[in-house]
Amino acid sequence: RAMNEPSFTEVPVVDLSAVVLHRHDITAHPAARAVAAEVAAACSEWGFFQCVGHGVPKDVVRDFDAAMRAFFSASREHKVAVGRSATNSRGYFDDELTKQTPDWKECLDVGQPWGSAIDGVNQWPTGPGLEQFRPAIERYYEACRELAETLLCVCAAGLGLPQNYFDKEMRSGKGHTSYIRLNHYPPCPDPAPSEWGTGEPPPGVGHLGINKHSDAGCVTVLRQYVDEPASLQVLHNGQWRRVLPHPDSFTINIGDMMQVWSNDRYVAPLHRVLAAREAERFSAPFFYNPPHEALIAPVPTTGRPGYTPLGWGDFRRRRFQGDFADTGKEVQIADWAVSSTQARL
């Protein structure tokens, strides 16, 4: 089924300068409080926004961009040497499933330095042109982590909570389990039409770069490029809307765990990436994820809980199993919705 789609739409663009300046006491400064209100409105209405004035140094972004392109320009031999496996989600792959449907992309995942039993350990590629790859990626990872921490403070303030409310959640156990995904979308000889509806395209209709999904974690910090195809679409009010990247911005979206924390005040939107026939595209989401030991439940300022407590480690493990191989129905936060759990009793 096809859906009418406006060519582009501007998701909200939020200037974070006041929040970055007053990071340690957002609620005490009117300008920072106003930004928090803007972010809360964007998270409720769209689950998506673009941020400028984010404070990430330009040289960190420049070096990261060069490192990503150097990796994907490397020989296949150097890429598959760091290939991921069923027991290590960190590394290179070009065979991911989203909603049990293959994506048209190749990727490299790099996570927190200490690794874990659930996610595995980082694998660093080597070879000609990759000498600066690791330091560039590690600097960028830390910059994204700092920005994501600030965004969580803003989200907490928007829910009427102390801005550091989520700190105890993100620092419990062995700490956060965030990771960067480097994406390369090669030209696709058979792209699905941009107006394709909410279902996955059947054989013969064409491919999507990434099939529709919501992100599993707390918030996502996405690097997009203004000089490449604007292929990211978000489902908003029943229509697919393209996200046209704003210069010097990051695209931010809410993940499933934040939707649970916010008791559905903030929405983790379905989104997807179109494949392009003639142009390649790069992107890089940073997924800010809780510790595996974290138990996620609606916060006390949001009224009667709509979800039963959810263990992030189990959720993450089951979601990765569905991405790596076709293991049946993909796990969703709706499985922990109060109405769903009551129905199983």
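Since the model is a prediction, treat every value here as computed from it, not as a measurement.

K.L.:
What exactly am I supposed to notice about the overall build of the chain here?
P.N.:
Helix and strand counts for the chain come out as nine helices and 16 strands. C-alpha extents for the chain along the principal axes are approximately 50 × 45 × 45 Å. Across the 345 residues of the chain, 57% fall into the buried class. Partitioning the intrachain contacts of the chain with sequence separation of at least 6 by distance along the chain shows that 77% fall at a separation of at least 24. About 14200 Å² of surface is accessible on the chain, with carbon and sulfur atoms providing 54% of the total. Across the chain, the centroid of the 34 positively charged side chains sits 4 Å from that of the 41 negatively charged ones.

K.L.:
When you look at the side chain of S178 in this model, what are you seeing that I'm missing?
P.N.:
The residue S178 is located in the loop between α6 (167–170) and β7 (179–185) in this model. For S178, a relative accessible area of 0% translates into the label buried. At a separation of 2.9 Å, a polar atom in the side chain of S178 contacts the side chain of H176. One polar contact links the side chain of S178 to the main-chain amide nitrogen of N289, over a distance of 3.1 Å. Once residues lying within four places of it in the same chain are set aside, the contact partners of S178 are R90, G111, Q112, Y141, F286, F287, Y288 and N289.

K.L.:
Please explain the pattern of salt bridges as it appears in this structure.
P.N.:
Two side chains bearing opposite charge may form a pair once their charged atoms approach each other closely. A full pass over the atoms with the stated rule returns 19 salt bridges. For R139, the salt bridge identified is with D59, shortest N-O distance 3.0 Å. Placement of the pair is R139 in helix α5 (residues 133–158) and D59 in helix α3 (residues 58–73), with a sequence separation of 80 residues. For D59, a relative accessible area of 30% puts it in the partly exposed group. Between D314 and R317 there is a salt bridge whose closest N-O contact spans 2.4 Å. Placement of both D314 and R317 in helix α8 (residues 312–324) is noted, with a separation of three residues, approximately one turn of the helix. Judged by relative accessible area, which is 32%, D314 ranks as partly exposed. Because the salt bridges share partners, they merge into one network encompassing R23, E142, R145 and E149.

K.L.:
What exactly am I supposed to notice about the pairing of strand β9 (residues 219–223) here?
P.N.:
Side-chain positions along a regular strand alternate between the two faces of the sheet. Extensive coverage of β9 is indicated by the burial of five of its five residues. By the alternation rule, side chains of β9 split into V219, V221 and R223 and T220 and L222, which are all buried. Note: β9 against strand β14 (residues 281–288), five bridges, orientation antiparallel. The partner of T220 across the bridge, within β14, is F287.

K.L.:
For this particular structure, what's the right way to read the sheet that holds strand β2 (residues 48–52)?
P.N.:
Sheets are built from strands paired through backbone hydrogen bonds, the pairs being either parallel or antiparallel. On the basis of which strands lie adjacent, the open sheet formed by eight strands has the order β1-β2-β12-β9-β14-β7-β6-β3 and mixed pairing. Two strands bound the open sheet, and with one partner strand each, they are β1 (13–15) and β3 (91–93). In this sheet, neighbouring strand axes are inclined to one another by 25° on average, regardless of whether the strands run parallel or antiparallel. As defined by bridge partners, β9 adjoins strand β12 (residues 250–254) across four bridges and the pair is classed as antiparallel.

K.L.:
I tried to follow empty space enclosed by the protein on my own but got confused; where do I start?
P.N.:
Summary: where empty space remains is shown by rolling a probe the size of a single water molecule over the atoms. If you walk through the whole model with that rule in mind, you get two cavities of 30 Å³ or more. By volume, the largest cavity is sized at about 440 Å³. If you list the elements that add at least two residues to the lining of the largest cavity, you get β7, β8 (208–213), β9, β13 (271–274), β14 and α8. The biggest single contributor to the lining of the largest cavity is α8, with five residues. Grouping the constituent residues of the lining of the largest cavity by class yields 12 nonpolar, 11 polar and 11 charged. Volume-wise, the second largest cavity comes out at about 40 Å³. Around the second largest cavity, the lining residues are Y185, P186, P229, S231, L274, A275, A276, A279 and R281. Each residue belonging to the lining of the second largest cavity can be placed in one class, and the counts come to seven nonpolar, one polar and one charged.

Conventions and cut-offs
- Residues numbered from 1 in each chain as written.
- Predicted model: local features only at pLDDT ≥ 70, side-chain atom pairs only at ≥ 80, totals over all residues.
- Heavy atoms only, no water.
- Helix = DSSP H or I, 4+ residues; strand = E, 2+ residues; numbered from the N terminus.
- Buried < 20%, exposed > 50% of the residue type's maximum accessible area, 1.4 Å probe, protein only.
- Contact = heavy atoms within 4.5 Å.
- Areas by Shrake-Rupley, 256 points an atom, 1.4 Å probe, with all protein chains shown as cover.
- Lys, Arg positive; Asp, Glu negative; His and termini not counted.
- Charge placed at Lys NZ, Arg CZ, Asp CG, Glu CD.
- Polar contact = N/O pair within 3.5 Å; in protein donor to acceptor, adjacent residues only side chain to side chain.
- Salt bridge = Lys/Arg side-chain N within 4 Å of Asp/Glu carboxyl O.
- Pairing = 2+ DSSP bridges.
- Axes fitted to C-alpha atoms, helices over the stretch in contact; angles between N-to-C directions.
- 1 Å grid on protein atoms, 1.4 Å probe; cavity = no way out; pocket = protein on both sides within 12 Å on 5 of 7 lines; lining within 4 Å.
- Points joined across faces, edges and corners; volume = space filled by probe spheres on them.
- Nonpolar A, V, L, I, M, F, W, Y, C, P; charged D, E, K, R; others polar.

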